[in-house]
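Each chain, written out:
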Amino acid sequence: MTTRSRRLARTRDIPDRTARGFDPRGDGEDVLFVVRRGNALYAYRDRCPHQGARMTWRRHAYLNRAGDRIVCYAHGAEFDIASGRCLLGPCLGQSLEAVDLHVTEQGEIYVKNEPVDGHEHE
Amino acid sequence: MNIVGPDFLVFGVDDVEACKQFLIDYGLQPVDVDARGGRFVALDGTGVEIRHKEDPQLPPPLGTGNALRQTIYGVADEATLERIAKELSKDREVVRRPTGALSTVDDAGFALGFQVTVRRPFDLPGERVNAPGAPPLRPANEIGARPDVEVKPRSLSHVVYFVPDSRKAEAFYVERLGFVCTDRFVETGPFLRPAGTQDHHTLFMIETPPFMKGCEHFTFHLGGPTEVLQAGQQFEAKGYQTFWGPGRHIFGSNWFWYFNSPLGCHIEYDADMDLHDDTWVARETTISADASQIFLFKSIEKWMPSGGPPPGKSAGVGH
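Computed from a predicted structure; not experimentally measured.

**Q** When you look at the overall build of chain A in this model, what are you seeing that I'm missing?
**A** Regarding its fold elements, chain A presents zero helices and nine strands. In chain A, the succession of helices and strands from N to C terminus is β-β-β-β-β-β-β-β-β. For chain A, the C-alpha radius of gyration of 14 Å lies close to 14 Å, the compact-globule estimate for 122 residues. Considered along the principal axes of its C-alpha atoms, chain A spans approximately 40 × 30 × 25 Å. The proportion of buried residues among the 122 residues of chain A is 37%.

If you want it as structure tokens, here you go:
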């Protein structure tokens, strides 16, 4: 599979204790999301281990109100932000698929090894 | 037991404000709503009640993270309430509230309420179509397509539970409360109809591991297939996330469109469900994509043939 690194955002675009969805290949919908906690960034596929469902109820809504858990709003599964592991709900014990990030010294966030497929229009 | 169907579903949620906006955008009318939550009703008075998950007045949580706290059934009259109280008091606590409503728990651990139904009659035509060979249902000069129509949910249709033992859960509703099985997905669960309605189902159950127990989805009836498509398209345009649909189910024949929600379960728009009486013989099949829908579509951004390429296609690709 052909892969490439793609720029997602700058660190300052993602406020602390929030999440943002991204569509790096132009699929027309977000396929991964990044959560910021302090200076740490965590990225996962927008795909619940339970049924493969998209996780938000509206764009970028990946966290609970307190901003301390990832939630799948398909069936309410809750995940640990740092490990991606399901702590409560229908995929208990399973984990979100982590996505590798690279952050430059200037705070530019890149997703590594993103597959290149037929949806591209370049 | 003359149980008409669900009057209210009560949820204990994480983000009350998000749920309020979501349910208003879905089309429900807020009633007595403040910062602590409130009720959101359809045209017949049935609806959803939202409270914060720590609200001490809520029945206890299911323990799985699911936000459903109580299903309140509407019954025809006081005599039915008396019969339910007498039957269920045989083996469980049934509390009579000052309002006259009953509170108890089913065999799967879901909190139940029963009350004389809040459903009020209203007069509003359903979708009417014209077809050669049939008398016109929409007379001359009556327009069918109205782009700006504001679709209003009409009535709380059904709730779907994840349950750890669907046979045991079914037996409670059939043997104790007089529900009948209208159709069944073998090794998954039954579609159940209470005696006070002809709707194909007001309750469907899906057998799952215990840690999933809760509400899978709930839905309100709309006025017809066009309203399902139009309401779903408008809801999606407000930024909400489709889960499944639009499409049309086989068991029940209802049109569907499911969305994720801040309530932590799905919410659906449905319309045109089959009606059944006691002569109906339940069908059985194994659940599959083909068995659960006759067709499934995916909403895309509006386009037109002469107005440029479809979204995602470069110019010159289409013909």
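This is not the end of the story, as more comes after the structure.
**Q** Just to check I follow, could you spell out the environment of Gly38 of chain B for this structure?
**A** Residues and elements named next belong to chain B. The topology assignment puts Gly38 in strand β3 (residues 37-41). Placed 18 residues apart in sequence, Gly38 and Lys20 show a C-alpha to C-alpha distance of 8.4 Å. Non-local contacts of Gly38, meaning those with residues more than four positions away in its chain, are made with Pro30, Val31, Asp32, Val33 and Ile50.

**Q** Help me out: how do you make sense of the sheet that holds strand β8 (residues 101-103) of chain A in this one?
**A** To summarise the sheet geometry, strands pair through backbone hydrogen bonds and adopt either a parallel or an antiparallel arrangement. All names here are of chain A. Taking strand neighbours across the sheet as the criterion, the three strands line up as β1-β9-β8 in an open arrangement whose pairing is antiparallel. The open sheet terminates on both sides in strands that have one partner only, identified here as β1 (3-10) and β8. In this sheet, neighbouring strand axes are inclined to one another by 30° on average, regardless of whether the strands run parallel or antiparallel. Pairing analysis gives three bridges linking β8 to strand β9 (residues 108-115), with the strands arranged antiparallel. Looking across to β9, one finds that Leu101 is bridged to Val111.

**Q** Any chance you could explain the sheet that holds strand β3 (residues 32-37) of chain A here in plain terms?
**A** Residues and elements named next belong to chain A. Within the open sheet, the three strands sit side by side as β2-β3-β4. Their pairing is antiparallel. Looking at strand neighbours, the two that pair on one side only are β2 (18-22) and β4 (40-45), the edges of this open sheet. If you compare each strand with its neighbour and ignore which way they point, the axes differ by 20° on average. Of the strand pairs in this sheet, β3 and β4 are connected by six bridges, and their pairing is antiparallel. Bridge pairing links Val34 to Ala43 in β4.

**Q** Even after reading the chapter, I still don't get the nonpolar core, so can you show me in this structure?
**A** Across soluble globular proteins, nonpolar side chains show a tendency to be buried alongside one another. Phe33 and Val35 of chain A together with Phe11 of chain B are the most contacted members of the largest nonpolar core, which has 102 residues in total. At seven residues, strand β1 (residues 3-13) of chain B tops the list of elements feeding residues into this core.

**Q** Looking at this structure, how should I read unusual backbone geometry?
**A** Comment: phi is negative for the bulk of residues other than glycine, and the bulk of peptide bonds are trans. Residue and element names in this part refer to chain B. Going from Gly245 to Pro246, the amide bond is cis rather than trans, its omega being 5°. Residue position: Pro246 is located in strand β14 (residues 242-248). Phi at Ser253 is positive, roughly 60°, even though this residue is not glycine. Along the polypeptide, Ser253 turns up in the loop between β14 and β15 (255-259). A positive phi angle, near 60°, is found at Asp272, a position not held by glycine. You can call Asp272 partly exposed: it has 18 C-beta atoms within 10 Å.

Calculation rules
Residues numbered from 1 in each chain as written. Chains lettered and ligands numbered in written order. Predicted model: local features only at pLDDT ≥ 70, side-chain atom pairs only at ≥ 80, totals over all residues. Helix = DSSP H or I, 4+ residues; strand = E, 2+ residues; numbered from the N terminus. Rg over C-alpha atoms; globule rule 2.2 N^0.38 Å. Buried ≥ 20, exposed ≤ 12 C-beta atoms within 10 Å, placed from the backbone. Contact = placed C-beta atoms within 7 Å. Pairing = 2+ DSSP bridges. Axes fitted to C-alpha atoms, helices over the stretch in contact; angles between N-to-C directions. Core = buried A, V, L, I, M, F, W, Y, C linked by C-beta atoms within 7 Å.

That is the geometry; function is a separate question.
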